[in-house]
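Structural features, examined
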Amino acid sequence: MFAPLVDSLSGQGDHYMHLADFADYAAAQERAAADFCKTSDWSARALINVARSARFSSDRTIREYAGEIWGLKQVV
């Protein structure tokens, strides 16, 4: 099913570098899968990740970019 995709990337050139870091991506996926099997460790990591992302908000980020980078004013 994926043969045409593989052929186009490996035979015709990977012009957009889709496969440039595929080995690293696959290795990271393997580590994540192994870590996921360790339920208590995975849960602790997930909780820490959520706690550390408290300041992140896409609305806040867009508002900051609009004001600080693009110099736009909020329209109410």
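Residues numbered from 1 in each chain as written. Predicted model: local features only at pLDDT ≥ 70, side-chain atom pairs only at ≥ 80, totals over all residues. Heavy atoms only, no water.

1. What to know about the packing of aromatic side chains
- Overall, the coordinates contain 3 aromatic pairs when judged by the stated rule.
- On the numbers, 5.2 Å between centres and 85° between planes, the contact of Phe36 with Trp42 is edge-to-face.
- Measuring from ring centre to ring centre gives 5.9 Å for Tyr65 and Trp70, while their planes differ by 55°; the resulting arrangement is tilted.
- With a relative accessible area of 55%, Trp70 lands in the exposed category. (Phe/Tyr/Trp six-rings, centres within 6.5 Å; stacked < 30°, edge-to-face > 60°. Buried < 20%, exposed > 50% of the residue type's maximum accessible area, 1.4 Å probe, protein only.)

2. Some remarks on the pattern of salt bridges
- All told, the structure shown has 3 salt bridges when counted by the stated rule.
- Ionic pairing is found between Asp35 and Lys38, a salt bridge with its closest N-O pair at 3.8 Å.
- According to the relative accessible area criterion, Lys38 is partly exposed, its value standing at 44%.
- A salt bridge links Glu64 to Arg60; the nearest nitrogen and oxygen atoms lie 3.0 Å apart. Residue Glu64 and its partner Arg60 are located together in helix H4 (residues 58-69), separated by 4 residues, close to a single helical turn. (Salt bridge = Lys/Arg side-chain N within 4 Å of Asp/Glu carboxyl O. Helix = DSSP H or I, 4+ residues; strand = E, 2+ residues; numbered from the N terminus.)

Read these as spatial facts, not as claims about activity.
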